Every structure is written in structure tokens, then in C-alpha cells.
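Analysis of the macromolecular model
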Amino acid sequence: MSPRATLIRGDGIGPEITAAALAVLDAAGVRIDWDEQLAGVAAMEETGTPLPDATVESIRQTQVALKGPLTTPVGTGFRSVNVALRKEFDLYANVRPAKSLLPGGRYDHVDIVLVRENTEGLYIGFETTIPMPGEPKAVAASVAIVTRRGCQRVVRYAFEYAVAHRRKKVTICHKANILKAVSGLFLEVGREVSREYAGRVAVDDIIIDACAMKLVLDPTPFDVIVTTNMFGDILSDEIAGLVGGLGLAPGANFGERAAIFEAVHGSAPDIAGKGVANPSALLFAACMMLEHMGEPDAARRIRQALEDTLREGEVRTRDVGGNASTQAFADAVSRRLG
Ligand code: NAI
Ligand code: MG
């Protein structure tokens, strides 16, 4: 029997890149029993809610989802479905690999995996403004909350990831010199957890601002980086920039009860429906999903075909300097798998 997974095609370019990704999985002989569900604007139009109960229930059962990008309309009061899914399934580890594949990125030998805490820190939304006479927003406050358990589980996730993927080093990125409470706890727990991996995975730590600079000057010494929510948000875009940008960057969100795989990019309304979007990021995310589902061989083969197609450069989508359609690119990757 084929393993089950939830499929959300998504908004904008979502349906196009999803169709392309599914065609490549098919060419690789991957058989998944997809439970197709709606979310985002597509769900809003069909069911009146951006995150239908049926979608949540499906992920609860399959525990794994491949998700196209979802549009969050500005100023309509519907909250980000991506954030809602993270909360619903307590997806505490956001994993974003960045690897040099093409000329055009700033560096040729980058291979970094960023593990970002996804549920705590400054992004919990515990915010307020305080009025003073004649000044309605005289003071603003955002509170960061970090728990020992939250730090432990994400740092352990990073080390387990390093072991499973034969990575050599985990760098704990923090600001414990200034934020002695929240960042101090993260660093303290990070060092504690790292001792469990002594002799197997090296550890070092670095202050966030120095980390940001060193990444730009020379990213090659970095391997796995683990950090808190906001620092991870910023650094993950920085490392995507180091290797050439959005069209190739996959991401995965892991919790104890579910994992959701997606591209880092959004629904790209400017090119939606034109058949020119690059499906690579979603395909790399699908490879991460196959590894998670215990299909590492299929993941390796697809990744190889995808990287070879990109490097060879004869068939590339517009965003990476070619003129191939989404479909033609997917066909070229599929041919290499044949
Ligand atoms: P975006 O990532 O959709 O687009 C930024 C630029 O990159 C655009 O010029 C777009 O054409 C290009 N681009 C993105 N993906 C591409 C691909 N696969 N191939 C070729 N070019 C690509 O970011 P934007 O415009 O800020 O957001 C659009 C919508 O997506 C918003 O509603 C936003 O909320 C949503 N979004 C959803 C995400 C998700 O579901 N995980 C993540 C980020 C944004
Ligand atoms: Mg971000």
C-alpha cells in the first residue's frame, strides 16, 4: 500500500508548480496516496474559510503534507494560514537548507542548513502599546518568551538532523551578551544538549550580529545553524540570498505530530497562470518530504536529476536565466530519471 500524505496545491503559481512536482515524482516511480485538500484563497472561495477543518483533520491523520504557497490577502483580516498551521500542529523546527547550485549566487561552495525555532521568542505576538496624554502610542512593547523545553527540542532537532545527514558541526546563534534571559537560556540549553553529541557532532556558538557579517564575508565554514525565531527568520533569508535566491529554496516545518513541506517563496501573483514559474523549490521540498517518509533513495535520485538539469543549464526557467516553461523544465528533469 502506498503511504498517505496530504496535498495542498495552493494559490497563485501553486497549482502550476505542484503539477510539475507531481509529474517528476511520478517519473521517479514514487507512489503516494495523496489526500488533496484546500487552504488559502482557494479554500476561501470554495468553503468560506482559509483553513477548513477537513484540511486540518487530513494532516492530523496523514501527519505529512506537501503544500504550495498560500496567498495572505493584505487588509482583509484573514490571518496567515501558514502561521495557523504552525500553531495548530506545534511545528517547532523550521529547516531551511541553502546550497550553491548555479552561478549567479554570490558564492560557489555554500552548503548551510538553518534550523529555526518556529513557535517561541519575539514572534509569539505578545504585544501592546501604551498611551500617554496626547500621544496614543507613546510606548510599544513586544515580549519574547522562550522555554527550556522549547530550546531543548529545537537544539536537539538540529543535532539529530546533523547526525542523520552526516553534518559535522552545529553553530548555536544567539545574543546572550545583551538578552541575558531569553538568549542566555537558549545558549545555556544549547550547550547542555550539545554534550549529548560530543565526539559525533562539533559545536560552536556565535553572536547573531557577528554571524550575519561572517556569512557575507565567507559562508563556507558554516554547516548547521540553530537559532531562535526572529534571528532564524532573518538569517534564513540571508543564506537564501547567498546562494541566488527564492526559486530554489525549500523549507520544512517539523513537529511531534506532523511535518509540512513547502517552498520558501510565496504565490508569486505577478507570474501566476503564465506557466513560467520555477518548480525547483517545491521539488526540493518534496525531496525533504520523501526522506522524512523513509524514501531516501527516491529523494537522492530526484535531487540529482534536478541539480544536473539546473547545472547543465540548457533547460531553465526564466528566474534562473532561461526561457523554459514550468512544464518543459519538469519534463527535462523527468527525462533524466527515465
Ligand atoms: P513571492 O515569493 O510570491 O514573490 C517574490 C518574487 O519572486 C516575485 O517577483 C515572484 O515572481 C518571484 N518568484 C517567487 N517564486 C518564484 C518561482 N517559483 N519561480 C519564479 N519566480 C518566483 O513573494 P510576495 O510577492 O511577497 O508574496 C506573494 C504572496 O505569497 C503573498 O500573499 C504572501 O503572503 C504569500 N506568501 C506565502 C508564503 C507561503 O505560503 N509559504 C511565503 C511567502 C509569501
Ligand atoms: Mg521570513
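Residues numbered from 1 in each chain as written. Chains lettered and ligands numbered in written order. Predicted model: local features only at pLDDT ≥ 70, side-chain atom pairs only at ≥ 80, totals over all residues. Heavy atoms only, no water.

**Considering the site of ligand 1**
How we decide: One heavy atom within 4 Å of a molecule or strand is enough for the residue carrying it to be called near that molecule or strand. Pairs of N or O atoms are called polar contacts if they sit within 3.5 Å, as long as, within protein, a hydrogen donor faces a hydrogen acceptor (for residues adjacent in sequence, only side-chain-to-side-chain pairs). Here the Shrake-Rupley method, with its probe set to 1.4 Å, supplies the accessible areas, and only the displayed protein chains count as covering residues. Each residue is assigned to one class: nonpolar for Ala, Val, Leu, Ile, Met, Phe, Trp, Tyr, Cys and Pro, charged for Asp, Glu, Lys and Arg, and polar for all the others, Gly among them.
Contacts to ligand 1 come from 20 residues, most closely from Leu 70, Gly 266, Ala 268, Asp 270 and Asn 278. In this structure, an oxygen atom belonging to ligand 1 sits 2.8 Å away from a side-chain N or O atom of Asp 270. At 2.9 Å from a nitrogen atom of ligand 1 is found a main-chain nitrogen or oxygen belonging to Asn 278. Here ligand 1 loses 68% of its free accessible area of 810 Å² to cover by the protein chains. Considering only residue class, the shell around ligand 1 consists of 9 nonpolar, 7 polar and 4 charged.

**Focus on the packing of aromatic side chains**
Applied cut-off: Between the rings of Phe, Tyr and Trp (Trp by its six-membered ring), a pair exists once the centres lie within 6.5 Å; its type follows the angle of the planes, with under 30 degrees stacked, over 60 edge-to-face, and the other angles tilted. Burial classification: accessible surface area is computed with a 1.4 Å probe over protein chains only, and a residue below 20% of its type maximum counts as buried, one above 50% as exposed, and the rest as partly exposed.
Within this structure, the stated rule accounts for 4 aromatic pairs. Between Phe 254 and Phe 261 the ring centres are 5.5 Å apart and the planes differ by 85°, which places this aromatic pair in the edge-to-face class. As far as burial versus exposure is concerned, Phe 254 and Phe 261 are alike and both buried. Here a set of aromatic residues connected by ring pairs shows up, and it is made of Tyr 92, Tyr 157, Phe 254 and Phe 261.

**Some thoughts on the environment of Glu 57**
Here is the rule we go by: Put simply, DSSP H or I for four residues or longer makes a helix, DSSP E for two residues or longer makes a strand, and each gets a number counted from the N terminus.
As for its placement among the helices and strands, Glu 57 is situated in helix α3 (residues 53–62). Its relative accessible area of 36% is what places Glu 57 among the partly exposed residues. As a C-alpha pair, Glu 57 and Thr 6 span 51 residues in sequence and 9.9 Å in three-dimensional space.

**Here we look at the nonpolar core**
For clarity, the threshold we go by: Throughout, nonpolar core names a set of buried Ala, Val, Leu, Ile, Met, Phe, Trp, Tyr and Cys residues whose side chains join them through atoms within 4.5 Å. Segmentation into domains, and thus their bounds, comes from an automatic or database assignment. Whether two residues touch is decided by their heavy atoms; if any such pair falls within 4.5 Å, the residues are in contact.
Judged by nonpolar contacts, the single largest core of 70 residues is most densely connected at Val 115, Val 226, Phe 261 and Ile 302. Looking at which domains feed residues into this core, each of domain 1 (1–97 + 243–338) and domain 2 (111–242) gives three or more. Ignoring any residue separated from it by four or fewer positions in sequence, one finds Ile 302 in contact with Val 24, Leu 25, Ala 28, Val 30, Leu 283, Cys 287, Leu 290 and Leu 337. By size, the runner-up hydrophobic cluster in this structure holds 16 residues, among which are Ala 98, Val 110, Leu 235 and Leu 242.

**Examining the domain arrangement of the chain**
Quick reminder of the rule: Summed over both partners, the accessible surface that disappears when two parts come together, traced with a 1.4 Å probe, is what is meant by buried area. We count a salt bridge whenever a side-chain nitrogen from Lys or Arg sits within 4 Å of a carboxyl oxygen from Asp or Glu.
Looking at the assigned domains, one finds that the chain contains domain 1 (1–97 + 243–338) and domain 2 (111–242). Averaged C-alpha coordinates put domain 1 and domain 2 at centres separated by 26 Å. Across the boundary between the two partners, domain 1 contributes 15 residues, which contact 20 residues of domain 2. Taken together, both faces of the contact between domain 1 and domain 2 bury some 1,500 Å²; the carbon and sulfur share is 49%. Applying the counting criterion to the domain 1 and domain 2 interface returns 2 salt bridges. With its nearest N and O atoms 2.8 Å apart, the salt bridge here joins Arg 153 to Asp 90. Our count for the contact surface shared by domain 1 and domain 2 stands at 10 residue pairs in polar contact (both at pLDDT 80 or more). Put simply, the parts of the chain that give the side of domain 1 that touches domain 2 at least two residues each are β4 (93–99) and β11 (250–254).

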